[in-house]
Each structure stands twice: as structure tokens, then as C-alpha cells.
Amino acid sequence: MKIMIVDDERVSRIKMQQILKGYGECHAVENGLTAIKAFTEALLSEEPFDLITLDISMPDLGGPEVLTSIRKLESKNNIPTEKRSKILMVTAHSDYPTVVNSIEAGCDDYIKKPFSVERVLLKLNAMGLA
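Rules behind the numbers
Residues numbered from 1 in each chain as written. Predicted model: local features only at pLDDT ≥ 70, side-chain atom pairs only at ≥ 80, totals over all residues. Heavy atoms only, no water. Phe/Tyr/Trp six-rings, centres within 6.5 Å; stacked < 30°, edge-to-face > 60°. Lys NZ or Arg CZ within 6 Å of the ring centre and 35° of its normal. Helix = DSSP H or I, 4+ residues; strand = E, 2+ residues; numbered from the N terminus. Buried < 20%, exposed > 50% of the residue type's maximum accessible area, 1.4 Å probe, protein only. Contact = heavy atoms within 4.5 Å. Pairing = 2+ DSSP bridges. Axes fitted to C-alpha atoms, helices over the stretch in contact; angles between N-to-C directions. Salt bridge = Lys/Arg side-chain N within 4 Å of Asp/Glu carboxyl O. Parallel < 35°, antiparallel > 145°, perpendicular 65-115°, else oblique. Left-handed = near helix turned anticlockwise from the far one by under 90°. Nonpolar A, V, L, I, M, F, W, Y, C, P; charged D, E, K, R; others polar. Expected span 1.5 Å × (residues − 1). Arc of directions from axis to C-beta. Polar contact = N/O pair within 3.5 Å; in protein donor to acceptor, adjacent residues only side chain to side chain.

Engineer: Is there a simple way to think about the packing of aromatic side chains in this case?
Structural biologist: Geometrically, a pair of aromatic rings is defined through the distance of the ring centres and the angle of the planes. Counted according to the given criterion, the structure contains 0 aromatic pairs. Looking at Lys2, its charged tip hangs above the ring of Phe49, at a distance of 4.8 Å from the centre. When the ring centre of Phe115 is taken as reference, the NZ or CZ atom of Lys15 above it lies at 4.7 Å.

Put into C-alpha cells, the structure is as follows:
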């Protein structure tokens, strides 16, 4: 499985990498613009990401904007729904509007910081990735 971890917090990126490294090749980036670039390159090389963990709050481009861009790129490239990247939103914000906005933007699931190994693995199982 090819995985991209997007988080501006270094500790969160490293923690997620440690959890997911046994499930596939992890590519970690620290901001939204770099995430969109990496996603586009992977898509064009026909080696798309299977899983993307995406922080909601980042200084340059927030998770919801990155999520919307990714879903638009998938649509533009005629990627069928079942072949789209699974996107797990990761954030300290668990208020109802934030969750609803993420789901409406096309995320597959949502996890609150601080996250545990067990919680991440439950989410992977729910998405059919573990």
C-alpha cells in the first residue's frame, strides 16, 4: 500500500509513520501544497496513493482545501469511486461542523488527535485497508 501522511506537526507525522510503516510505503509531507504536488505526481505516474492521512489545520492550505483538490483531480482523471485514495482526516478539532464539512468534502473517515495505534488500526479496518 502506498501512503501519504500530511501534517504540519512533526511529532504527529512521525507518530503516524511509525504506526503505518508496517502497512506500506509511507511518504510524509508537512504542508498542503506539497501534498497536492505529491498526489498529482503519483496520479500522473499511475502509482496513486492508496491512503492519505490529512491534517485539517495547516498554515498554508488547510486539509479541507487539500481534500477538495484531490477529489477534483481524481474526477478530472476519471478515477472511479472505488479506486479513489482513501482519505483519513486527522485533527484536534472534533466539533460537529468540522466533521460534517470533512465528510461532505469527500473524506472516508475521521480521527481525533491525540490518536492511538489501536484507533488508527480500527479506522484502517473500517476502510478495508488492514
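Engineer: What am I meant to see in the environment of Thr98 here?
Structural biologist: Here Thr98 lies in helix α4 (residues 96–105). By relative accessible area, which is 18% here, Thr98 ends up buried. Ignoring sequence-local partners within four residues, the contact set of Thr98 consists of Ile56, His93 and Tyr110.

Engineer: Looking at this model, I keep getting lost on the sheet that holds strand β5 (residues 109–112). Mind explaining?
Structural biologist: In any sheet, the strands associate via hydrogen bonds between backbone groups, in a parallel or an antiparallel arrangement. Here 5 strands make up an open sheet; going across it, the order is β2-β1-β3-β4-β5 and the pairing parallel. Each having just a single partner strand, β2 (25–29) and β5 make up the two edges of the open sheet. Each neighbouring strand pair of the sheet contributes to a mean axis angle of 20°, computed without reference to strand direction. Note that strand β3 (residues 51–55) and strand β4 (residues 86–91) share 5 bridges and pair parallel.

Engineer: Can you walk me through the pattern of salt bridges in this structure?
Structural biologist: Side-chain pairing between opposite charges can occur once the charged atoms of the two side chains come close. This structure, assessed with the given rule, holds 8 salt bridges. Residues Asp108 and Arg71 are paired through a salt bridge, measuring 3.0 Å at the closest nitrogen-oxygen approach. Of the two residues, Asp108 is situated in the loop between α4 and β5 and Arg71 in helix α3 (residues 63–76); the sequence distance between them amounts to 37 residues. Members of the salt-bridge network, linked through shared partners, are Asp7, Glu9, Asp55 and Lys113.

Engineer: Would you take a moment to explain the packing of helix α1 (residues 10–20) against helix α5 (residues 117–126) for this structure?
Structural biologist: Helix packing geometry: the angle between the two helix axes and the distance between the axes. Where α1 contacts α5, the two axes come as close as 10 Å, and the packing angle between them is 60°. In terms of axis orientation, α1 runs oblique to α5. Like other packed secondary-structure pairs, α1 and α5 cross with a definite hand, here right-handed. Every residue of α5 that contacts α1 at Met16, Ile19 and Leu20 is listed here: Val117, Val120 and Leu124. Its residues placed into classes, the contact of α1 with α5 shows 6 nonpolar, no polar and no charged.

Engineer: What's the story with helix α2 (residues 32–44) in this structure? I'm lost.
Structural biologist: Side chains three or four residues apart in an α-helix point the same way, a direct result of the helix having 3.6 residues per turn. Helix length check: α2 (13 residues) gives 18 Å between terminal C-alpha atoms against 18 Å at 1.5 Å per residue, within 8%. For α2, the full list of buried residues reads Gly32, Ala35, Ile36, Ala38, Phe39, Ala42 and Leu43. End-on, the buried residues of α2 take up no more than an arc of 165°, which puts them together on one face. Exposed and oriented more than 90 degrees from the buried face of α2 are Leu33, Lys37 and Leu44. Looking at the buried positions of α2, the neighbouring elements they touch are β1 (2–6), β2, β3 and α3. N-capping of α2 is provided by Asn31, with a side-chain oxygen placed 3.3 Å from the backbone N of Leu33.

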